[in-house]
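# Chains, contacts and geometry: an overview
Here's the letter readout for the chains.
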Amino acid sequence: EFMSVFVGSDVVIAHDGIDELMGGYWGHRAPRTRIEKARAFKRFWRVLEPDHLVPLEMKASRSGIKVLFPYLQRPVVECINRIPLDDRTTREESKKPLRALARKYGVPEHVITRRKRGMCDILMST
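Residues numbered from 1 in each chain as written. Predicted model: local features only at pLDDT ≥ 70, side-chain atom pairs only at ≥ 80, totals over all residues. Heavy atoms only, no water.

Reading fine detail from the predicted coordinates is not recommended where pLDDT is low. For the protein, the mean per-residue pLDDT works out to 87, and 85% of the residues sit at or above 70. Per-element mean pLDDT across the protein ranges from 42 in helix 1 (residues 2-5) up to 97 in helix 5 (residues 74-81). Below a pLDDT of 50 lies the segment residues 1-7, which in the model reaches nine contacts outside its immediate sequence neighbourhood of four places, other chains included. (pLDDT = per-residue confidence, 0-100. Helix = DSSP H or I, 4+ residues; strand = E, 2+ residues; numbered from the N terminus. Contact = heavy atoms within 4.5 Å.)

What follows is the structure, given as C-alpha cells:
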C-alpha cells in the first residue's frame, strides 16, 4: 500500500514529531496532574530523535528515500509550544488542535479517528 503510492518517489513527508508536540501518545493523556503531563511531554520529546528519527531515517535511507519533517521545523515547534498542554490533549482526545482543524475543513470523521501506522512499520511490511 505505502510503497505503491511512492513508487518512483525518493522524498516523503513524515509526520514524526506531531505526536510528541500535540500529545499523541497515551502517555501524554494518562497523567492526572499538569506536572505529570509536562513531564510526559518532556520525556517523549527527549526520546524522539534516538528512538524514532534515527531508526526512521536509517530505514528510509536503505530504501532510497529522503524524509522531510515539517512538524519539526523551528517555527512550527515554537508555535505549537505556545499552546497550553491541556489544550493539546486530554484523556478523551489527543492532538486536539489538529483534529479541530480537520473537522473545520470537512475531513471525514473516520479519517480523523483512524488508527495510525508509522512509516517504519510500513517500510518493514514491504
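Okay, the nonpolar core next. Counting residues in each nonpolar core, the largest one holds nine residues, listed as Val 12, Ala 14, Leu 48, Leu 53, Leu 56, Ala 60, Ile 65, Val 67 and Phe 69. Ranked by the residues each element gives to this core, the list is headed by helix 4 (residues 34-62), at four residues. Core analysis: the second largest hydrophobic core is formed by five residues, Ile 18, Leu 21, Val 77 and Ile 80 among them. (Core = buried A, V, L, I, M, F, W, Y, C linked by side-chain atoms within 4.5 Å. Buried < 20%, exposed > 50% of the residue type's maximum accessible area, 1.4 Å probe, protein only.)

Once that is clear, we can look at the pattern of salt bridges. Counted under the stated rule, the structure contains six salt bridges. In this structure, the salt-bridge partner of Lys 95 is Asp 19, at a minimum N-O distance of 2.9 Å. Separated by 76 residues along the polypeptide, Lys 95 in the loop between helix 6 (85-88) and helix 7 (96-104) and Asp 19 in helix 2 (residues 18-22) bring together distant segments of the chain. Comparing Lys 95 with Asp 19 shows no difference in burial state: the two are buried. Between Glu 78 and Arg 74 there is a salt bridge; the shortest N-O distance is 4.0 Å. Of the two residues, Glu 78 and Arg 74 are both situated in helix 5; the distance of four residues between them amounts to about one turn of the helix. Judged by its relative accessible area of 63%, Arg 74 is exposed. (Salt bridge = Lys/Arg side-chain N within 4 Å of Asp/Glu carboxyl O.)

Considering all chains together, one arrives at one aromatic pair under this definition. In this arrangement the basic side chain of Arg 43 is found over the ring face of Phe 44, its NZ or CZ atom lying 5.4 Å from the centre. (Phe/Tyr/Trp six-rings, centres within 6.5 Å; stacked < 30°, edge-to-face > 60°. Lys NZ or Arg CZ within 6 Å of the ring centre and 35° of its normal.)

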